[in-house]
Amino acid sequence: MNKQPSFSFELFPPRTPEGVAKLPAVIAQLAAVRPHYFSVTHGAGGSDQDGTYDTLMAVVQHSGVEAVPHLTCVGSTRAKVATLLDRYREAGVKRIVALRGDLPATAMSASAPGEFHYANELVSFIRQTHGNAFTIEVAAYPEVHPQAASSDADFDNFRRKVEAGADGALTQLFYNAEAYFHFMERCDKAGITIPIVPGIMPITSFANTVRFCSGCGADLPRWVRLRLEDLQYDKPALIEFGLNVVTRLCETLLRNGAPSLHFYTINQAEPTLKLWERLSLSVPA
Ligand SMILES: Cc1cc2nc3c(=O)[nH]c(=O)nc-3n(C[C@H](O)[C@H](O)[C@H](O)COP(=O)(O)OP(=O)(O)OC[C@H]3O[C@@H](n4cnc5c(N)ncnc54)[C@H](O)[C@@H]3O)c2cc1C
C-alpha cells in the first residue's frame, strides 16, 4: 500500500436552504482530516456557476483547504468560459476539473451543443488561454462512458484529453477494482503516465446506489446489489455492509498502486470519514 496516500473530497452546491445551512459544518468536519483539496461540482443536478462559486468560497472560508471548481462546457461559449476562468484565477484557484458535462435529455449524439463539443476541446482552450496557470484534472471511465461508441473509442478520447494537456484524472465511481487495473494497464501501454485517481462513492442506501450506478453506467456487482436489497430496511446493517465493501475496494486499489482516492461525499461528512478511519488514512503532516 502507498505509504501516505493522499485523498480529496468532492462537494456539490447545495440546492435547499437546509443544505446551505448545513454546508459549513460538513466542510469543517471533512477539513479536519486535511484532504489534499475539495472539488465542487458544476451543473450536476441543475446547479449553476454561481452555486459552484459560492460553495468554493465556503470551502475557502471554512477550511483553508485548496478549493477546486469543476468546469463543464456543454452548451457554453468560449467567451463565457473565458470569463469564468478569469474569475477563478482572480479568486486564487490553481486547479480545475475540466468536463464536457451531461448532455440535455434531448441530445441526439455524444457531441455537446455550444462551442465546445468534448472535454478535450475545453482542456485545449484552458491551456491556450492560461498556459500552465491551472492544474487540469479530467474524467476517466474505467467501465467506459455510457455514450461512448466503443471501449476503444472511449480510450482514444481519454488519450486526446491527456494530449490536450490534462495533468491528472479522476475516475467515475466503480465497484470493480479490476476495471481500474485494466484501465491502468491500457494507459501504461499507451504511454499515459498522469495520475489517475479512483473516484469512491460510499454506499449508504440501496436505492441511491442503484440510481447512481445506472445514471453513470457503473456496474453494481450482482452480489452487492442483492445484499443491499436484503438490507434496505435495516439501515445499520446496510451501512456496515457498504462500509466493508467500499473499504475492501479502496484497500485493493491502494495496495495495487492507486496514487490517491477521490471521495464523492454527497455533502455528508460521516460516510466518508468512516471510510477514512477504516482505511487508517492519516492526517497529512
Ligand atoms: C470525476 C468526475 C466529476 C464530474 N463532475 C461533474 C460536474 O461537476 N458536473 C457535471 O455536470 N457532470 C460531472 N461529471 C459527469 C460528466 O460530465 C459526464 O460523465 C459527461 O457525460 C461526460 O463528461 P466528460 O468530461 O467525461 O466528457 P468527454 O470526455 O467529452 O466524453 C464524453 C463522451 O463523448 C465521447 N467522445 C469524446 N470525444 C469524442 C469525439 N471526438 N468523437 C466522438 N465521441 C467522443 C466519449 O467517449 C464519451 O462517451 C463528472 C464525472 C466525473 C468522472
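The present account deals with the structure reproduced in this document. Along each chain, the written sequence defines residue order, and numbers are assigned to residues from 1. Local features in this predicted model are restricted to residues of pLDDT 70 or higher, and side-chain atom pairs are both shown and tallied only at a pLDDT of 80 or more, whereas totals for entire chains, interfaces and linings draw on every residue. Processing note: side-chain calculations cover all non-hydrogen atoms of the structure and skip hydrogens and water entirely.

Broken down by element type, the protein chain carries 10 helices and 8 strands. It is over C-alpha atoms that the radius of gyration is taken, and the globule rule equals 2.2 Å times the number of residues to the power 0.38. The C-alpha atoms of the protein chain give 18 Å as radius of gyration, which agrees with the globular expectation for 285 residues (19 Å, within 12%). Principal-axis analysis of the C-alpha atoms places the extent of the protein chain at approximately 50 × 45 × 40 Å. When accessible area is computed with a 1.4 Å probe and restricted to protein chains, residues below 20% of their type maximum are described as buried, those above 50% as exposed, and intermediate ones as partly exposed. For the protein chain, the proportion of its 285 residues judged to be buried stands at 50%. Any two residues having at least one pair of non-hydrogen atoms within 4.5 Å are treated as being in contact. Summarising the internal contacts of the protein chain: among those between residues at least 6 apart in sequence, 77% fall at separations of at least 24. We get accessible surface area from the Shrake-Rupley algorithm with a probe of 1.4 Å; when it comes to residues, only the shown protein chains can shield them. In the structure as shown, the protein chain presents an accessible area of about 13400 Å², 51% of it carried by carbon and sulfur atoms. Lys and Arg are tallied as positive, Asp and Glu as negative. Neither His nor the chain termini are counted. Where a charge lies is defined by one atom per residue type, namely NZ (Lys), CZ (Arg), CG (Asp) and CD (Glu). In the protein chain, which carries 26 positive and 29 negative side-chain charges, the distance between the mean positions of the two groups comes to 2 Å. Put simply, DSSP marks the helices as runs of H or I at least four residues long and the strands as runs of E at least two long, and each gets a number from the N terminus on.

This part takes up the state of the cysteines. Two cysteine sulfurs form a disulfide in these notes if their separation is within 2.5 Å. For the structure shown, the criterion picks out 0 disulfides. The thiol of Cys213 is not disulfide-bonded; the next cysteine sulfur, from Cys216, is found 6.0 Å away. Of the residues examined, Cys216 reaches a relative accessible area of 12% and is grouped as buried.

Bringing the environment of Phe9 into the picture now. Mapped onto the elements, Phe9 comes out in strand 1 (residues 6–11). Of the residues examined, Phe9 reaches a relative accessible area of 0% and is grouped as buried. For the pair Phe9 and Phe263, spaced 254 residues apart in sequence, the C-alpha to C-alpha distance is 4.9 Å. Once residues lying within four places of it in the same chain are set aside, the contact partners of Phe9 are Leu30, Val33, Pro35, Tyr37, Phe38, Ser39, His262, Phe263, Thr265 and Thr272.

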